[in-house]
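# Survey of secondary and tertiary structure
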Amino acid sequence: MSGPVYFGRIMVKWCDECGVPVLGKRCDICNNVPREMKITPPGETRISFEGDLKRFDKILDVYLKTHFSDLVRNYFVLLNRIPHDDRAEEVILHGETIFTVFYMDGKNHVSLRPKFYTLFREHIKGKWVIADRGACGPIREGKNLMWPGVKECSDDIEENDDVFVLDENGECIATGIFKKSETGHGVAVKIKHINDGREIKKVEADLDRAINANLNYLKNIEEKAVREIKKLDGKNVLVSFSGGKDSLVSLYLTILSGIRFRAFFLNTGLEFPETVDYVRKISIKYGIDMDIIDSGNSFFNALEHFGPPGRDYRWCCKVCKLGPTTRYLIDKGEVYVIIGQRKYESFTRYRNSNYWENEWVPNQKAFSPIQEWDSLSVWLYILFKKLEYNTWYERGMWRIGCYLCPSQDMGDFEIVREYNEKFSEWENYLYKYFRKYDNSEMMVSHGLWRWNKLPDHLKKKYGVGDIERESLKTEVEFHEGKVLIKINKMPDEKRLKNMLRILPEELYKKKENHIEADGSVYDKVLQIIYQAEECVGCGICTGRCRYNAIELRDNRAWIVEDLCMGCSACLGPCPAFVFGGDHEQV
């Protein structure tokens, strides 16, 4: 399991008087100072939806006589996404974490807290172990429950079940993992959580109360964001709308600012149908000029070249997003693109300020008006303003993007599989792909395909290695001002000659299986080799050319020789070079 991740202070606290989370310094209903909660950083919390409660009903069926959703219907349930190998979230009720759900090895698991038993005692139907009086003291000090200290067990317990450890009075003193014993000795329950004895104040609450408790905070962050957006007035402003919650808020804040802008939606060809419909609906509802950028079949055209994308191998974003975006922006000059991005989402986004530039997309300055917001701020603002959001959130998704995105967890894919038939087609492709490479089907069933280079702990856990992808390979040798670039397979001669047109002919010489280049341009020659062989027509390079000297022919970049000025500005970051093969220096 991954450790805690800090992207800033945990913003959310709890008002015991009103039974709701509070993001400001005081609760706006009772004016009390909210209580700090013990939750795992980064503290990326959100409200629970019907899809979440439905999932918890299934998971908790072995513990409860009644549906969990029925027991919490009149209370505010908060979820906190936590670091883990796969999807995991703490479930918070009355400001206390009562259990954690995590997805592992193809199914959901639960880790219970003692306060779960305290809250639902009359509804518990099993999975308990009674410790004798002599064992309770050591358990409260953090010791495991040993088999000689077990007085009684419910008959429904299996090895590695999460169980409640009770004292002889029926009070839950701890929870932990049950361990069988053939001899009656050794550990019976590996203790994980000890009851702190603190009383829980149960207060009925709903979303309206949560909004009212945070009203001043929500108005303040709105005012600050709108003020920042207004600074872009008079500039060429675009709003990138993805159909997700963060871009929805950024779009709405831009509307409130009153500045002139145009919006665009990038259809990667891998979007949920509901997302595409939702984008059109929002465009009509707010009367927005919405440009639709269609990537068409670019992902599947590039799939043969690159193989399945990965978290560490995200060629798909460059081909399906940045390439089409670059082509869209090519004739718009310098633009400011408002994007729904937040620092609590990842290390990369945490390191960004609210303004940044993307080296892949020229002439674009990106700005996020919600960079400092956490997820709960976004959700309470959406509910405060009664904004219509994407239906996939109701189904239990934390984020919405491409249906096969490798950045998603396998627990998320369980939800996708239930509602989207295309995901099964993707899994069928993956099974065929890894059979071809004679690799374990576990690469698919356990989601190991989501990395190009598997983390060492996953290789060890599942006994699999990295896939050796068929690709162009080059070897670079340095010889006194000259560089020899050896190639395992020479690109198509016509394409290579066309791409080399970017450079003066006296700076390179093409041989049978290598190219000799002047040391001052060898890195450019190297990239040209990869572009000639591995180009998938993303079009990123077309946006860098001031002379319109690059066009797409048969979905591949082609230099228009009469227009090319040889400036080589087109040789910026390129998926064909970054992801297309192996570069080795000698």
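Criteria and thresholds
Residues numbered from 1 in each chain as written. Predicted model: local features only at pLDDT ≥ 70, side-chain atom pairs only at ≥ 80, totals over all residues. Heavy atoms only, no water. Buried < 20%, exposed > 50% of the residue type's maximum accessible area, 1.4 Å probe, protein only. Helix = DSSP H or I, 4+ residues; strand = E, 2+ residues; numbered from the N terminus. Contact = heavy atoms within 4.5 Å. Polar contact = N/O pair within 3.5 Å; in protein donor to acceptor, adjacent residues only side chain to side chain. Pairing = 2+ DSSP bridges. Expected span 1.5 Å × (residues − 1). Right-handed = clockwise from strand over helix to strand, strands pointing away. Axes fitted to C-alpha atoms, helices over the stretch in contact; angles between N-to-C directions. Parallel < 35°, antiparallel > 145°, perpendicular 65-115°, else oblique. Core = buried A, V, L, I, M, F, W, Y, C linked by side-chain atoms within 4.5 Å.

A separate point is helix α17 (residues 493–500). The complete set of buried residues in α17 reads R495, L496, N498, M499 and L500. If you follow the buried residues of α17, they end up packed against β22 (508–510), β23 (514–518), α18 (522–534) and β25 (556–559). N-capping of α17 is provided by D492, with a side-chain oxygen placed 3.2 Å from the backbone N of K494.

Sheet strands pair by backbone hydrogen bonding; their relative direction is either parallel or antiparallel. Taken together, 6 strands build an open sheet; the order of strands is β9-β13-β12-β11-β8-β10 and the sheet is mixed. The strands lining the two open edges of the sheet, one partner per strand, are β9 (145–146) and β10 (150–153).

Turning our eyes to something else, we now look at α18. In this model α18 runs 18 Å from its N-terminal to its C-terminal C-alpha over 13 residues, within 8% of the 18 Å that 1.5 Å per residue would give. Burial within α18 is extensive, with 11 of its 13 residues counted as buried. Listing the buried residues of α18 in full gives Y522, V525, L526, Q527, I528, I529, Y530, Q531, A532, E533 and E534.

Below, the discussion takes up the side chain of K245. For K245, the position within the fold is in helix α7 (residues 245–257). The exposure class of K245 is buried, given its relative accessible area of 5%. Once you skip the residues sitting within four places of it in the chain, K245 turns out to touch R342, S375, V378, W379, I382, Y393 and W398.

The buried count for strand β5 (residues 88–93) comes to 6 of 6 residues, which makes it a mostly enclosed element. Here β5 shows a buried face lined by A88, E90 and I92 and a second buried face lined by E89, V91 and L93. When strand β4 (residues 77–81) meets β5, the two strands line up antiparallel, connected through 5 bridges. Bridge assignment links R81 to a residue of β5, and that residue is E89. In this structure, β5 lies alongside strand β6 (residues 96–104), joined through 6 bridges in antiparallel fashion. Looking across to β6, one finds that E89 is bridged to V101. Hairpin geometry of β5 and β6 is characterised by an intervening segment of 2 residues between the two adjacent antiparallel strands and by a positive phi of about 55° at H94.

Let's shift gears to the pairing of strand β15 (residues 262–267). Along a regular strand, successive side chains alternate from one face of the sheet to the other. A large share of β15 lies buried, amounting to 5 of its 6 residues. For the crossover that starts at strand β14 (residues 237–240), traverses α7 and ends in the parallel β15, the hand is right-handed. Two strands pair when backbone bridges link them, and β15 and strand β16 (residues 290–294) are joined in this way by 5 bridges, in the parallel orientation. For F264, the partnering residue across the bridge sits in β16 and is D291. Traced from β15 through helix α8 (residues 273–286) to β16, the parallel crossover comes out right-handed.

On to the packing of helix α6 (residues 215–230) against helix α12 (residues 375–384), then. Taken N-terminus to C-terminus, the directions of α6 and α12 make an angle of 95°; their axes are 10 Å apart at the nearest point. Overall, the two elements α6 and α12 adopt an arrangement that is roughly perpendicular. Two secondary-structure elements touch here, α6 through L215, Y217, L218, K219, I221 and E222 and α12 through S377, L380, Y381 and F384.

It is worth spelling out the nonpolar core at this point. In this structure, L253, F299, W315, W373 and W426 are the most contacted members of the largest nonpolar core, which totals 112 residues. Broken down by element, this core gets its largest block of residues, 8 residues, from helix α10 (residues 315–329). In terms of nonpolar packing, the next biggest core, distinct from the first, is built from 31 residues, I502, I528, I550 and A557 among them.

One open sheet holds the 5 strands; their spatial order is β3-β4-β5-β6-β7, and the pairing between them is antiparallel. Since the sheet does not close on itself, it has two edges, and those belong to β3 (44–47) and β7 (107–112), each with one partner. Direction aside, the axes of adjacent strands within the sheet are offset by 25° on average. Sheet topology note: the β3/β4 ladder contains 4 bridges and is antiparallel. Looking across to β4, one finds that R46 is bridged to L79.

Let us look at unusual backbone geometry. Residues P41 and P42 are joined by a peptide bond in cis, for which omega reads 10°. If you trace the backbone, P42 turns up in the loop between β2 (20–22) and β3. Phi at N160 is positive, roughly 70°, even though this residue is not glycine. Relative to the assigned elements, N160 resides in the loop between β10 and β11 (162–166). By relative accessible area, which is 46% here, N160 ends up partly exposed. Residues other than glycine seldom take positive phi values, yet N548 does so here, at roughly 55°.

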